[in-house]
Every structure is written in structure tokens, then in C-alpha cells.
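# Report on the structure
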Amino acid sequence: MKNVYFLSDAHLGSLAIEHRRMHERRLVRFLDSIKHKAAAVYLLGDMFDFWNEYKYVVPKGFTRFLGKISELTDMGVEVHFFTGNHDIWTYGYLEEECGVILHRRAITTEIYDKVFYLAHGDGLGDPDPKFRFLRKMFHNRGCQRLLNFFHPWWGMQLGINWAKKSRLKRADGKEAPYMGEDREYLVRFTREYMKTHSDIDYYIYGHRHIELDLSLSRNSRLFILGDWIWQFTYVVFDGEHIFLEEYVEGESQP
Ligand SMILES: [Mn+2]
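Below, the structure is looked at part by part.

So, how was this worked out
Residues numbered from 1 in each chain as written. Predicted model: local features only at pLDDT ≥ 70, side-chain atom pairs only at ≥ 80, totals over all residues. Heavy atoms only, no water. Helix = DSSP H or I, 4+ residues; strand = E, 2+ residues; numbered from the N terminus. Expected span 1.5 Å × (residues − 1). Buried < 20%, exposed > 50% of the residue type's maximum accessible area, 1.4 Å probe, protein only. Arc of directions from axis to C-beta. Patch = residues over 30% accessible without salt bridge, like charges linked within 9 Å, V, L, I, M, F, W, Y side chains within 5 Å. Areas by Shrake-Rupley, 256 points an atom, 1.4 Å probe, with all protein chains shown as cover. Salt bridge = Lys/Arg side-chain N within 4 Å of Asp/Glu carboxyl O. Pairing = 2+ DSSP bridges. Donors = N, O, S within 2.8 Å, 3.2 Å for Na, K, Ca; no water.

Turning our eyes to something else, we now look at helix 6 (residues 152-168). In this model, helix 6 (17 residues) spans 24 Å end to end at C-alpha, consistent with the 24 Å of a helix rising 1.5 Å per residue. Every buried residue of helix 6 is listed here: Gly 155, Met 156, Gly 159, Ala 163, Ser 166 and Arg 167. Buried residues of helix 6 fall within an arc of 105° about the axis and therefore sit on the same side. With respect to the buried face of helix 6, the exposed residues turned more than 90 degrees away are Trp 153 and Lys 165.

The subject of this paragraph is a nonpolar patch on the surface. On the surface, Leu 146, Phe 149, Phe 150, Trp 153, Trp 154 and Leu 158 cluster together to form a nonpolar patch covering roughly 720 Å² of accessible area. Among the secondary structure elements, those contributing two or more residues to the nonpolar patch are helix 5 (141-149) and helix 6. Broken down by element, the residue count for the nonpolar patch peaks at 3 residues, all from helix 6. By secondary structure assignment, the location of Trp 153 is in helix 6. Trp 153 gets classed as exposed once you look at its relative accessible area, which sits at 57%.

Let us now look at the pairing of strand 7 (residues 202-205). Alternating residues of strand 7 divide into Tyr 202 and Ile 204 and Tyr 203 and Tyr 205, and every residue in both groups is buried. Bridge count between strand 6 (residues 114-119) and strand 7: 4 bridges; the pairing is parallel. When the sheet's bridge partners are listed, Ala 119 is paired in strand 7 with Tyr 205. As judged from the 4 bridges shared by strand 7 and strand 9 (residues 221-225), these two strands associate in the parallel manner. Bridge pairing in strand 9 places Tyr 205 opposite Ile 224.

Quick look at the coordination of the manganese ion now. Those protein atoms acting as donors to the manganese ion are Asp 46 (OD), Asn 85 (OD1), His 120 (NE2) and His 207 (ND1), and they sit at 2.0 to 2.4 Å. All donors of the manganese ion belong to a single chain; written as a sequence motif, their spacing is D-x38-N-x34-H-x86-H. Here the residue Asp 46 occupies a position in the loop between strand 2 (38-43) and helix 2 (63-75), and Asn 85 occupies one in the loop between strand 3 (78-82) and helix 3 (93-98), the gap between them amounting to 39 residues. Like Asn 85, Asp 46 is buried.

In C-alpha cells, the structure reads:
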């Protein structure tokens, strides 16, 4: 039985990351190392720090990453691409060119007899009104058309700088450490959601940039994926067992 992998939050291209090419290469080496063992790869959002595509133009860069996911899909490995809150603005290119299966919202899906709830995680349980307002605007089709009405120089500049700022407003550009079960929005959201969806075995989220593997009940478990900026963490499911792992170069990967 082949493995299924889950990872998120590479924020490729972020101006807040110093070694951007090394950063992309490491992710590509990981994907290369699992390609023969993988049935599917779920990219759970914010793989790009800012992605906005136009009718005839896509952002510069990321050729190694885009090439690698195309190689995987050409081989028959399913690659699922969830939009996060930094790469919402994709309109067909990633599906057509790279063969990914695109998801714009949370999904519930069965993988080898287990039921998974998968989402990037932004907007789930987060009560911050400013974030909710921005999120609404970012997802609004009219605002998206307006963004692409202007020359790419303007829209890309705006987006890249917004993304950089959203990272640097935190100390060292890192997210707040784990706040505990009672305060983490994603844990609180999941506990509520479980009440009406008792069939779900595994909840997996990105977005928070922390590693978390938490048992919520006898048969439900919640994972938060860490990130691919500093932590290089992923979840792997082999049909029977599920683990949160760290990619260490030179070690053989499960
Ligand atoms: Mn995010």
C-alpha cells in the first residue's frame, strides 16, 4: 500500500525568507524522495507566499517546485492543492499545467477506510474581525477582478509586500507558540465540529505553523502540520498508521 502525505505552509518566494532558492530546493528534494512511495500528496495551503495569476501571465519563479509537482502528477501521483490565505488567486493554471486537484475549501474525504477532514485552517474559529474582513475581500470575485484589472507590476508589488509584512509583524517572523487546547482556534473549532461529525478519524490543518498531534477522543485525532520554512514537517499515512514526521536530509523517509 502506498503512502499519503500532507504538508503545508512553504510560503515559497517570501521576501522574509533569506535563502529562497535553498528553501525551494529542499522542498523539491523531499517531494522527489517520496515520489515512488506516494499514492497522493496533499498540499494544505500557503505553499506560495503570494500567488496571483492573470489570464496570460503567472508569477515569476517556482519553476523547480512546479516542475516537481508536474512530474508527480505525470507519474500518476495525485497532488491536491489547497489554497491558503496567501495563494487564493489561482484560476486554472495549476490544474491545467501541473495537473493538481485544486481545493478552495475544507474537504471531508475517505483515504484507505479512514475519514479525513482537511483544511488550510484560516477562518476556522478565528474571531479576529480584521482577519475575517480581509478574508472576505480576498475571496470576493469582484475584488479579485479589480486586482487583475491593473498592470501586474501594481498587483504583484502590492501582494508580495502584504505577504512579507504579514510575516514580519511577528517576532522573528515566527508564529506564536502553541497556546494550549483551550485557546487554539483550530482545536476549539474541531471540538465543536466533532459534535455533529463523529465519523471523522483525522483532522489535519496547516496555517498555524506549529506542530501538533492531539487525541480528541477514542477515534479522533487532530494534526497541525508545522511548516516548510523552519520545521520541514509532514504527516504520513500508510493506510494503518499515521505519523507527524520531520524531513531530515540524508535520512531515509517513511
Ligand atoms: Mn496560512
